[in-house]
Amino acid sequence: MAKKAPKTGIDESELRTGHRKRVAVGVPAIVRSMRMSVDQMGVVRSAETLLRVNQKDGFDCPGCAWPENERRHIAEFCENGAKAVAEEATLRRVGPAFFAQHSVAELLERDNYWLGQQGRLTHPMILDEGATHYRPISWDDALSEVATALRTLPDPNEAVFYTSGRTSNEAAFLYQLLVRGLGTNNLPDCSNMCHESSGTALTETLGVGKGTVSIVDVQNAELLIVAGQNPGTNHPRMLSALEKAKQNGATIIAINPLPEAGLLRFENPQTPRGVLLGGTKLADRYLQIKLGGDQALFQAVGKRLLELEAQRGDVLDHEFIAQCTSGFDDYRAALEAADWAELVEASGIPESEIRAVADAIARSNSTIVCWAMGLTQHAHAVPTLRDIVNVLLLTGNIGKPGAGVCPVRGHSNVQGDRTMGIWEKPGEAFLAALDREFAFTAPREHGYDTVAAIEAMRDGKVKVFMAVGGNFASATPDTEVTEAALRTTELTVQVSTKLNRSHLVTGRRAIILPTLGRTDRDRRDAGLQKVTVEDSMSAVHGSHGRLAPPAEDLLSEVAILARLGALIFTGPDARSNAPQADWRALEGDYRRIRAHISRVVPGFDDFETRIDGGRSFVLPNGARDSRTFATATGKAMFTANELQYPRIPKGRLLLQTIRSHDQYNTTIYGSDDRYRGIYNGRRVVLVNAHDLRELGFENGELVDLVSEWRDGVKRRAEKFRLVTYSTPRGNAAAYYPETNVLVPLDSYAQGSRTPTSKSIIVRLEKRADEA
Ligand SMILES: Nc1nc2c(c(=O)[nH]1)N[C@H]1C(S)=C(S)[C@@H](COP(=O)(O)OP(=O)(O)OC[C@H]3O[C@@H](n4cnc5c(=O)[nH]c(N)nc54)[C@H](O)[C@@H]3O)O[C@H]1N2
Ligand SMILES: Nc1nc2c(c(=O)[nH]1)N[C@H]1C(S)=C(S)[C@@H](COP(=O)(O)OP(=O)(O)OC[C@H]3O[C@@H](n4cnc5c(=O)[nH]c(N)nc54)[C@H](O)[C@@H]3O)O[C@H]1N2
Ligand SMILES: [Mo]
């Protein structure tokens, strides 16, 4: 039997701190995730479910986008994957009785942990204008309300369509078709807040906005640099690949302001060595970089490589530089002019360490740089990533085995959603193919990204906000501004598996459309359906839900979108420029959607056959496959970038917002961050002990965090407990989404407009109630 949902949220008065761990995973990880699975699903369903994760005939793990190994273990085990599955496959239910019992006002007082723990949504619900409670509504009525609201808009640009990254390729493709059929490109997604900086920098310099390595490359690289990423918590299966690389002789360098457990040592629960011998040491070198210091570091490394080349003449890959790149001379000139002292000061890394990194790169025949949010969520994220590409180009480390760029994606299908056209700035080639396939004309004007969508709502320009997945109200920056913005709309529509804050911060009316998740069985007219996803390394494969769904008549995302398409685009009063698609047939048989995809999206030829029988295929990538670069110069581009780094005013701290070990973005599984030694609480701020003393505070004190921004608005996050921690001077860390209230809406990365979630100037303020 599963356990009942908790009665209360997280009680912050029980906070306990202990030693931070130096090793990730190990047997405690299995014990923890098993307990969580059994609480949510009971014993039988737990076993049934966990055996199916990432197996060839099973479902794709909703946890992260790290690829599967060719030879899969019985349970491709990962603690956080197991938690993500338990959260979705839970036996707890949120139905009409729940909503009758709890008013929206009451639910708004609950934390994200409590809301998520209540269970799966089972019934379409509507919040009428002025009502205090959601009430049940039939599927037909709910869908026709949404369809009517959308088709009667005077201007389609008055609607916004958000996507999170779990949506399947099939659903994403239908969604963008529906939205473009309505006549807008307002398709913001979670990627705007995530790897948009990677996409922007890589497209500019390499001509492809994705990584250029495979898992085999990672296992065989001679040197792996992992920067701005906490794989022990967020991509645990990556640790097995790093372990394999290590066994093959790789050197690993970790670059992070925090000494994260998973980067340093890994106990693989699947090998006797992991369980009995204390695991594998991963990082050979750990650089405790200052927040935002990576551009300085990589410029310094580039500068040092050029110096070494002048001395030894065997460091650069001259043939590659001459044949495959442009812009080398300008880059070299810029680095020659760079000032060592400033690079050292900005990165916080001593020159001797920088030299050691450059030596390692010079020695290595194949180098990969992996990164995640620690690099993408800064104001200067795009130039930082361009400078990383520069270093790889110097040494010819693009487009050869064991070498390349590896942006490690977050959500399990965030990369696939973009491939399917979930993008506010679609390219002409994609739109032209869409026009041809569906005999209509898609809009060309770019739409709103996430920040622009919030601005537009704030300014009263949006009437309908629809989301397929995600938790827009909590995941986005400037929470007070965003929530007020959502409330200006006439209708908010959420297609969701679980209850979250975005169901409670609504337009004048609101509709919840519950949906099937990855793990659920999906039976349509043509029989049992599968969907497809694309992992972080561009491999596409099928995912088959196998569990009994939470409610008999629950619709998949595909079915919801296909029915909306049928309601909006067919019938006597259908608009003239409507995409010509047989929406009903698409709902009944997802192979028909894949047939459309195979004709619209490059690389998907013969789609159905290539995923048959659990097979997968890898999408083409010019940079990786043939050193061809679809850039402005037709070559891989060196770029000369002005050095940027954060300046922290006196008496202030630079705050980064991170994930704990017990959360999946805004879904909070529990109140512990085991690897960092934090238990029973989330409202903590990690600060260097010297800074605390200098600022006149003590470990354990309760403070408010006040964000200071040029607009003069005092954004405040209340009641955070100070915890001394190993972080560079001037840098602090606290959990997201509790701190999103501090991120100003117009504080975003140049070029990608990704909110600067890893770089917020804050002041600590004593609380009167604490004195
Ligand atoms: N269990 C679990 N898995 C997840 C998620 C989850 O919430 N829970 N989220 C998924 C998603 S959507 C994503 S995008 C990924 C996120 O995966 P990560 O990017 O690993 O997640 P964050 O917690 O944001 O951690 C950022 C890391 O970068 C470091 N960092 C911060 N600023 C800097 C900097 O300036 N320089 C350097 N070098 N390092 C810096 C931080 O100390 C931290 O270790 O994980 C995915 N997987
Ligand atoms: N301050 C700060 N803010 C951040 C970040 C940060 O590091 N710091 N990280 C950013 C990043 S990297 C990301 S990716 C975003 C994440 O932003 P989102 O993707 O919007 O947020 P999630 O918390 O992942 O969304 C969780 C919700 O998705 C729904 N859901 C889960 N599975 C499914 C499904 O299969 N189908 C449907 N329809 N719904 C489903 C559930 O209702 C659940 O409550 O947040 C960003 N915001
Ligand atoms: Mo993400």
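Residues numbered from 1 in each chain as written. Chains lettered and ligands numbered in written order. Predicted model: local features only at pLDDT ≥ 70, side-chain atom pairs only at ≥ 80, totals over all residues. Heavy atoms only, no water.

An unreviewed UniProt entry annotates the protein chain as FdhF/YdeP family oxidoreductase of Gryllotalpicola daejeonensis. For the record of the protein chain, the UniProt heading Sequence similarities (unreviewed entry) holds the text "Belongs to the prokaryotic molybdopterin-containing oxidoreductase family." (UniProt positions renumbered as here; feature names shortened; annotations may be inferred.)

A. Structural view of the site of ligand 1. Taken together, 30 residues lie near ligand 1, and Asn256, Glu260, Gly292, Asp294 and Asn665 sit nearest. Contact between ligand 1 and asparagine 234: a nitrogen atom at 2.9 Å from a main-chain N or O atom of the residue. Out of a free accessible area of 920 Å², ligand 1 has 99% covered by protein chains. Those elements that place two or more of their residues in the shell around ligand 1 are α10 (231–234), α19 (373–376), β25 (653–658) and β26 (663–664). (Near = heavy atom within 4 Å. Polar contact = N/O pair within 3.5 Å; in protein donor to acceptor, adjacent residues only side chain to side chain. Areas by Shrake-Rupley, 256 points an atom, 1.4 Å probe, with all protein chains shown as cover. Helix = DSSP H or I, 4+ residues; strand = E, 2+ residues; numbered from the N terminus.)

B. Examining the packing of helix α7 (residues 169–182) against helix α28 (residues 590–600) more closely. Where α7 contacts α28, the axes come no closer than 10 Å and their chain directions differ by 70°. As far as their axial angle goes, α28 and α7 are roughly perpendicular. The interaxial crossing formed by α7 with α28 has left-handed handedness. Listed contacts from α28 to Asn169, Glu170, Phe173 and Leu174 of α7 are Tyr590, Ile593, Arg594, His596, Ile597 and Val600. In terms of residue class, the contact of α7 with α28 is made up of 6 nonpolar, 2 polar and 2 charged. (Axes fitted to C-alpha atoms, helices over the stretch in contact; angles between N-to-C directions. Parallel < 35°, antiparallel > 145°, perpendicular 65-115°, else oblique. Left-handed = near helix turned anticlockwise from the far one by under 90°. Contact = heavy atoms within 4.5 Å. Nonpolar A, V, L, I, M, F, W, Y, C, P; charged D, E, K, R; others polar.)

C. Examining the sheet that holds strand β5 (residues 125–127) more closely. Taken in spatial order, the 6 strands of this open sheet run β6-β5-β18-β17-β16-β7, and their pairing is mixed. Only two strands of the sheet have a single neighbouring strand rather than two, namely β6 (135–136) and β7 (159–163). Looking at chain direction, β5 and strand β18 (residues 509–514) are connected through 3 bridges and run antiparallel. Considered in β18, the bridge of leucine 127 is made with alanine 510. (Pairing = 2+ DSSP bridges.)

D. Broad picture of the UniProt feature "domain: Molybdopterin dinucleotide-binding" (unreviewed entry) in the protein chain. Mapped onto this numbering, the UniProt entry gives "domain: Molybdopterin dinucleotide-binding" (unreviewed entry) at residues 653–759. Taken as a whole, residues 653–759 contains 7% helix and 35% strand, while its terminal C-alpha atoms sit 10 Å from one another.

E. How the structure looks around the nonpolar core. Counting residues in hydrophobic clusters, the biggest one holds 68 residues, and the most contacted among them are Phe161, Phe173, Leu434, Met466, Leu513 and Phe604. Contacts of phenylalanine 173, omitting those with residues within four sequence positions, involve Met420, Leu434, Phe438, Ile593, His596, Ile597, Val600 and Val601. Counting residues in hydrophobic clusters, the runner-up holds 57 residues, among them Leu316, Ile321, Phe328 and Phe638. (Core = buried A, V, L, I, M, F, W, Y, C linked by side-chain atoms within 4.5 Å. Buried < 20%, exposed > 50% of the residue type's maximum accessible area, 1.4 Å probe, protein only.)

F. Molecular detail of the pattern of salt bridges. With the rule as written, the count across this model stands at 53 salt bridges. Its salt-bridge partner being lysine 766, residue glutamate 701 comes within 3.0 Å of it at the nearest N-O pair. Taken as a pair, glutamate 701 in the loop between α31 (689–695) and β30 (702–707) and lysine 766 in strand β33 (residues 760–766) lie far apart in primary sequence, 65 residues in all. Assessed through its relative accessible area of 15%, glutamate 701 is described here as buried. (Salt bridge = Lys/Arg side-chain N within 4 Å of Asp/Glu carboxyl O.)

G. Structural detail: the packing of aromatic side chains. The full count for this structure, using the stated rule, is 13 aromatic pairs. Members of the aromatic cluster, joined through ring pairs, are Phe98, Phe99, Trp114 and Tyr134. In this structure, arginine 166 packs its charged tip against the face of tyrosine 664, placed 5.1 Å from the ring centre. When the ring centre of phenylalanine 697 is taken as origin, the NZ or CZ atom of lysine 766, which lies over that ring, is 4.3 Å away. (Phe/Tyr/Trp six-rings, centres within 6.5 Å; stacked < 30°, edge-to-face > 60°. Lys NZ or Arg CZ within 6 Å of the ring centre and 35° of its normal.)

H. Structural view of unusual backbone geometry. Across the junction of tyrosine 736 and proline 737, the peptide omega takes the value 5°, indicating a cis bond. If you trace the backbone, proline 737 turns up in the loop between β32 (731–735) and β33. For alanine 439, which is not glycine, the phi dihedral falls at a positive 45°. Looking at the secondary structure, you find alanine 439 in the loop between α22 (428–438) and α23 (450–458). For alanine 439, a relative accessible area of 56% gives the class exposed. A positive phi angle is found at serine 538, which is not glycine, with a value near 65°.

I. Just the environment of alanine 47, in detail. In this fold, alanine 47 is placed in helix α1 (residues 27–50). Through-space distance from the C-alpha of alanine 47 to that of serine 37 is 8.9 Å; in sequence the pair is 10 residues apart.

J. The arrangement of the domain arrangement of the protein chain in detail. Each assigned domain of the protein chain is listed with its residue range as follows: domain 1 (20–88), domain 2 (93–194 + 413–605), domain 3 (196–408 + 633–637) and domain 4 (653–766). For domain 3 and domain 4, the distance between their C-alpha centres works out to 26 Å. Between domain 3 and domain 4, the contact holds 26 residues from the first and 27 residues from the second. Three residues, Leu258, Leu291 and Gln377, lead the burial of domain 3 against domain 4; their summed loss comes to 32% of the area buried on that side. Taken together, the links from domain 3 to domain 4 amount to 1 salt bridge. Close ionic contact of glutamate 260 with arginine 676 constitutes a salt bridge, the shortest N to O distance being 2.8 Å. Remark: the boundary between domain 3 and domain 4 carries 8 residue pairs in polar contact (both at pLDDT 80 or more). Those elements that place two or more of their residues in the side of domain 3 that touches domain 4 are α8 (196–206), α10, α19 and α20 (381–394). Taken together, the residues of the side of domain 3 that touches domain 4 break down into 11 nonpolar, 12 polar and 3 charged. (Domains from an automatic or database assignment. Buried area = accessible area lost by both parts, 1.4 Å probe.)

K. Summary view of the site of ligand 2. Taken together, 30 residues surround ligand 2, and among them Tyr162, Ser164, Ala475, Glu557 and Thr666 come closest. The side chain of serine 164 places a nitrogen or oxygen atom 2.6 Å from an oxygen atom of ligand 2. The side chain of threonine 666 places a nitrogen or oxygen atom 2.6 Å from an oxygen atom of ligand 2. In isolation ligand 2 has 930 Å² of accessible area, and contact with the protein removes 96% of it. The residue makeup of the shell around ligand 2, split by class, is 9 nonpolar, 16 polar and 5 charged. Two domains each provide a minimum of three residues to the shell around ligand 2, namely domain 2 (93–194 + 413–605) and domain 4 (653–766).

L. Fine view of α23. The buried fraction of α23 amounts to 7 of the 9 residues, a majority that puts the element mostly inside the structure. Listing the buried residues of α23 in full gives Thr450, Val451, Ala452, Ala453, Ile454, Ala456 and Met457. Where α23 is buried, its residues touch β7, β16 (464–468), α24 (472–475) and α25 (479–487). Just beyond α23, the residue with positive phi is glycine 460, at close to 75°.

M. Expanded view of the state of the cysteines. Counted under the stated rule, the structure contains 0 disulfides. Unpaired in this structure, cysteine 370 has its nearest cysteine sulfur neighbour in cysteine 406, at a distance of 3.9 Å. We classify cysteine 370 as buried; its relative accessible area is 0%. (Disulfide = S-S within 2.5 Å.)

N. Up close: the pairing of β16. Within β16, 5 of the 5 residues are buried, which leaves it mostly tucked inside the rest of the structure. Of the two faces of β16, the one lined by Val464, Met466 and Val468 and the one lined by Phe465 and Ala467 are each fully buried. Note that β7 and β16 share 5 bridges and pair parallel. Each residue of the ladder has a partner; that of tyrosine 162, found in β16, is alanine 467.

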